[in-house]
Amino acid sequence: MRRYLKTKYILGLVLVLFLSACAEDLGNYDYSEINEVTINGIESEYEALTGEPFKITTELQFTLDSDVDDQNYEYKWSAINPSLVPADQEEFLLGDTKNLDVTSLKLTPGEYSGYFRVTDKETGVYWVKKFKITVKTTIYEGWLAMSDVNGATRLDMLSYIDNQYKFIPDVLDYVGSELTLKGAPENVYCFPYDAQKYGIYLTSSETGTTKIDPDTFGWAIEDYLSFEMLSNVPTDFKADFIEEVGSWSSLMHSDGNFYYWFRIYRWNYDLPINIVNGETQYFEAASHLGAADGYGSDVIYDNTNKRFVRHPYNTKECYEMADGSYFSYHTGNKELVYMKRTDYNGGEVFALLKDPDNNDLFLARMASRRWNSVISQVGYDQIPAEIAADMVNADNYAIDPTFGYIFYNVGSKLYQYDLGLKTSKLMLDKGANDISLVTYIKRSPVSKKLIVASYDAGAANGTMEIYSVPAVNGDLTLEQSYEGFGKIVSLSYRQR
């Protein structure tokens, strides 16, 4: 008991001495109020155009400095691109005054995090206001059309800016691009390389195939497609078409060969892939493709041996397929008229085959699922003879991704073939104007809308129209129409 009382007494004495020391210590400090800054006048988000003025006016409030002298403070406006990995991020200085007043913004198009920093020179204390800047150009996003104007190539653009489309004829000349397209127009194709890069490819008969800068449309000789190939080819090498397949990969067709670029493994276009596993001879590949989606297989037609083969994701060769219950993948002497993969019914490849002996036309359908490299058969039907007579000679074909209709045109007339009913319906008649293109553009804001391009040859005036396609063979509904083009021969959408 005594030990307990003694311990209790000692603890109490220590506590008294501690509190006494603290009470004396409270009087030994002088406290001063800090000069706080409140930053107003800055919005959370801004849109700006490269090369154009960009201004922000601030409203600053200081708790201890009512008569503000700017010489007492430092100001800093900056921006970084947060989508880049930290090692690649660069801070861009925009200004060093209280109000931002940039006469010509030099940021390339993209999304930026903006920062305004106010530093008190006397204390070194600073305050930061963060905001977002979306930088665009007049060519930031929109439709690109390869147009034929009196036999010459012109790249036109419907630029999407300020929530509306602005037509820019001859956009390469408009931006002062170093590229001059020569000869007749052939195709334009836009797709992302990977998370950081984007490709815009242009092909004309005399220029060959080349990229342009996706933001400025500038050009250098190193942008030629030939610089992406390991094969020894001419500088102005020309591709028949380039199409995105799978994830971060593409197939390029040229002169009966397919070349594969797989960006994850950094495979450049190398040796052709149109050779079947276990065989020693390359075959001539038809200039149509049932392109894969995700990690599926591409469907390719072997013109040499008249057969369908598949090209699996992440491989450099093709494989034969086991016949299904509908048809033989070895088609005898049949010629491929058209082939395209569509999202219809979860993903199908539509292939039109012609018997050269009598012009009979057949529709082969193959399931092509996004996450499955196996190609399976869905159906095989002969097109009725009275319909095949026109369809086999059609100028353009397109497959509706929702209903599976086959659209095709002969001159100025557009038809819709219903594969279930095996009937064809006249949908449009442009009269004196010919139809130059019928297509669906998957990578676009209207991926499920039908696009029809027509032109008045006498006036050298082309039109692009966008239609919604109803069910049960209803009439097309015109949703958008744009004029001023030449004869559109190829169309793609520059995404953001």
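The structure under discussion appears in the preceding block.
Whenever I open this one, the overall build of the chain confuses me. Can you help?
Along the chain, the regular secondary structure elements total 3 helices and 33 strands. Here the chain has a C-alpha radius of gyration of 32 Å; the compact-globule value for 496 residues is 23 Å, and the former is much larger. By principal-axis analysis of the C-alpha atoms, the chain measures approximately 115 × 70 × 50 Å. For the chain, the residues scored as buried account for 50% of the 496 residues in total. Contacts in the chain between residues far apart in sequence, at least 24 positions, make up 50% of those at least 6 positions apart. With the model as given, the accessible surface of the chain reaches about 24600 Å², and the carbon-plus-sulfur share is 48%. Between the averaged position of the 44 positive side-chain charges in the chain and that of its 71 negative side-chain charges there is a distance of 7 Å.

Whenever I open this one, the sheet that holds strand S23 (residues 361-367) confuses me. Can you help?
As a general point, the strands of a sheet are linked pairwise by backbone hydrogen bonds and lie either parallel or antiparallel. If you walk across this open sheet you meet the 4 strands as S21-S22-S23-S24, and the pairing is antiparallel. Two strands lie at the open edges of the sheet, namely strand S21 (335-342) and strand S24 (376-382), each paired on one side alone. Each adjacent strand pair in this sheet contributes to an overall mean axis angle of 15 degrees, direction not counted. Two strands pair when backbone bridges link them, and strand S22 (residues 348-354) and S23 are joined in this way by 7 bridges, in the antiparallel orientation. Looking across to S23, one finds that leucine 352 is bridged to leucine 363.

Honestly, the environment of tyrosine 260 in this entry has me stumped. Any pointers?
Mapped onto the secondary structure, tyrosine 260 falls in strand S18 (residues 257-262). The exposure class of tyrosine 260 is buried, given its relative accessible area of 3%. Sequence separation between tyrosine 260 and aspartate 270 is 10 residues; the distance between their C-alpha atoms is 7.1 Å. Polar contacts involving the side chain of tyrosine 260 include one to the main-chain amide nitrogen of asparagine 314, which spans 3.0 Å.

Got a minute to help me understand the pattern of salt bridges in this structure?
For side chains bearing opposite charge, pairing can occur when the charged atoms are close. Going through the model one piece at a time under the given rule, you end up with 24 salt bridges. Measuring nitrogen to oxygen at the nearest pair gives 3.0 Å for the salt bridge that ties lysine 238 to glutamate 186. Highlighted residues: lysine 238 in the loop between strand S15 (208-212) and strand S16 (241-245) and glutamate 186 in strand S13 (residues 185-192), separated in sequence by 52 residues. Aspartate 215 is paired through a salt bridge with arginine 494; the nearest N and O atoms lie 3.5 Å apart. In this pair, aspartate 215 is assigned in the loop between S15 and S16 and arginine 494 in strand S33 (residues 487-494), connecting sequence segments 279 residues apart. When its relative accessible area of 4% is taken as the criterion, arginine 494 is described as buried. One continuous salt-bridge network, built from bridges that share partners, spans Asp293, Arg341, Asp343, Arg370 and Lys442.

I keep staring at a nonpolar patch on the surface and nothing clicks. Help me out?
Taken together, the side chains of Trp248, Ile264 and Tyr265 define a hydrophobic patch exposed on the protein surface, amounting to about 310 Å² of accessible area. Residue placement: isoleucine 264 occurs in the loop between S18 and strand S19 (297-302). Residue isoleucine 264 is classed as partly exposed on the basis of its relative accessible area of 47%.

How should I be thinking about the layout of surface pockets in this particular structure?
Over the atoms a probe the size of a water molecule is rolled, and this reveals where empty space is left. Of the voids in this model, the largest pocket is the one considered here, and its volume is about 1600 Å³. What lines the largest pocket is a set of 50 residues, and nearest its centre among them are Tyr189, Glu243, Lys340, Thr439 and Tyr440. Of all elements in the fold, only S13, S16, S21, strand S25 (396-399), strand S29 (434-439) and S33 reach the threshold of two or more residues within the lining of the largest pocket. The dominant element in the lining of the largest pocket, judged by the number of residues it contributes, is S33, at 6 residues. When grouped by side-chain class, the residues that make up the lining of the largest pocket number 23 nonpolar, 13 polar and 14 charged.

Before we go on, may I ask you to explain the environment of lysine 449 in this structure?
Tracing the sequence through the fold places lysine 449 in the loop between S29 and strand S30 (450-456). Overall, the relative accessible area of 25% leaves lysine 449 in the partly exposed class. Taking the C-alpha atoms as reference points, lysine 449 and leucine 336, separated by 113 residues in sequence, lie 26 Å from one another. Lysine 449 has contacts with Thr439, Tyr440, Ile466, Tyr467, Ser468 and Glu479, leaving out every residue within four places of it along the chain. Among the polar contacts made by the side chain of lysine 449, one reaches the side chain of glutamate 479 at a distance of 3.2 Å.

Help me understand the nonpolar core in this model?
Generally speaking, a soluble globular protein has its nonpolar side chains buried in company with each other. Grouped together as the largest cluster of nonpolar side chains are 25 residues, with contacts concentrated most on Phe54, Phe116 and Ile133. Every element with two or more residues in this core is listed here: strand S1 (37-40), strand S2 (45-49), strand S3 (54-56), strand S4 (59-62), strand S5 (73-80), strand S7 (100-102), strand S8 (110-120) and strand S9 (126-136). The next biggest cluster of nonpolar side chains, apart from the first, holds 20 residues, and it includes Val337, Ile399, Tyr415 and Leu419.

Help me understand the side chain of serine 254 in this model?
Tracing the chain through its elements places serine 254 in strand S17 (residues 249-254). Of the residues examined, serine 254 reaches a relative accessible area of 7% and is grouped as buried. Not counting residues within four places of it along the chain, the set of residues in contact with serine 254 comprises Phe237, Lys238, Ala239, Asp240 and Tyr259.

What should I look at first to understand the sheet that holds strand S27 (residues 413-418) in this one?
Read across the sheet, 4 strands follow the order S25-S26-S27-S28 without closing on themselves; strand pairing throughout is antiparallel. One side of each edge strand has no neighbouring strand; the edge strands of this open sheet are S25 and strand S28 (423-429). Geometrically, the sheet is characterised by an average inter-axis angle of 25 degrees between neighbouring strands, direction not taken into account. Both S25 and strand S26 (residues 406-410) contribute to a ladder of 4 bridges, which runs antiparallel.

Would you mind showing me how to read the environment of threonine 331 here?
With respect to the helices, strands and loops of the structure, threonine 331 is situated in the loop between strand S20 (307-312) and S21. The class for threonine 331 is buried, based on a relative accessible area of 8%. Once the C-alpha coordinates of threonine 331 and glycine 142 are considered, the two residues, 189 residues apart in sequence, prove to be 41 Å apart. Once you skip the residues sitting within four places of it in the chain, threonine 331 turns out to touch Tyr301, Lys306, Arg307, Phe308 and Leu353. Within the local environment of threonine 331, its side chain forms a polar contact with the side chain of tyrosine 301, the two groups lying 2.6 Å apart.

Procedures and definitions
- Residues numbered from 1 in each chain as written.
- Predicted model: local features only at pLDDT ≥ 70, side-chain atom pairs only at ≥ 80, totals over all residues.
- Heavy atoms only, no water.
- Helix = DSSP H or I, 4+ residues; strand = E, 2+ residues; numbered from the N terminus.
- Rg over C-alpha atoms; globule rule 2.2 N^0.38 Å.
- Buried < 20%, exposed > 50% of the residue type's maximum accessible area, 1.4 Å probe, protein only.
- Contact = heavy atoms within 4.5 Å.
- Areas by Shrake-Rupley, 256 points an atom, 1.4 Å probe, with all protein chains shown as cover.
- Lys, Arg positive; Asp, Glu negative; His and termini not counted.
- Charge placed at Lys NZ, Arg CZ, Asp CG, Glu CD.
- Pairing = 2+ DSSP bridges.
- Axes fitted to C-alpha atoms, helices over the stretch in contact; angles between N-to-C directions.
- Polar contact = N/O pair within 3.5 Å; in protein donor to acceptor, adjacent residues only side chain to side chain.
- Salt bridge = Lys/Arg side-chain N within 4 Å of Asp/Glu carboxyl O.
- Patch = residues over 30% accessible without salt bridge, like charges linked within 9 Å, V, L, I, M, F, W, Y side chains within 5 Å.
- 1 Å grid on protein atoms, 1.4 Å probe; cavity = no way out; pocket = protein on both sides within 12 Å on 5 of 7 lines; lining within 4 Å.
- Points joined across faces, edges and corners; volume = space filled by probe spheres on them.
- Nonpolar A, V, L, I, M, F, W, Y, C, P; charged D, E, K, R; others polar.
- Core = buried A, V, L, I, M, F, W, Y, C linked by side-chain atoms within 4.5 Å.

Fair warning: the whole summary comes from geometry, so function is off the table for now.
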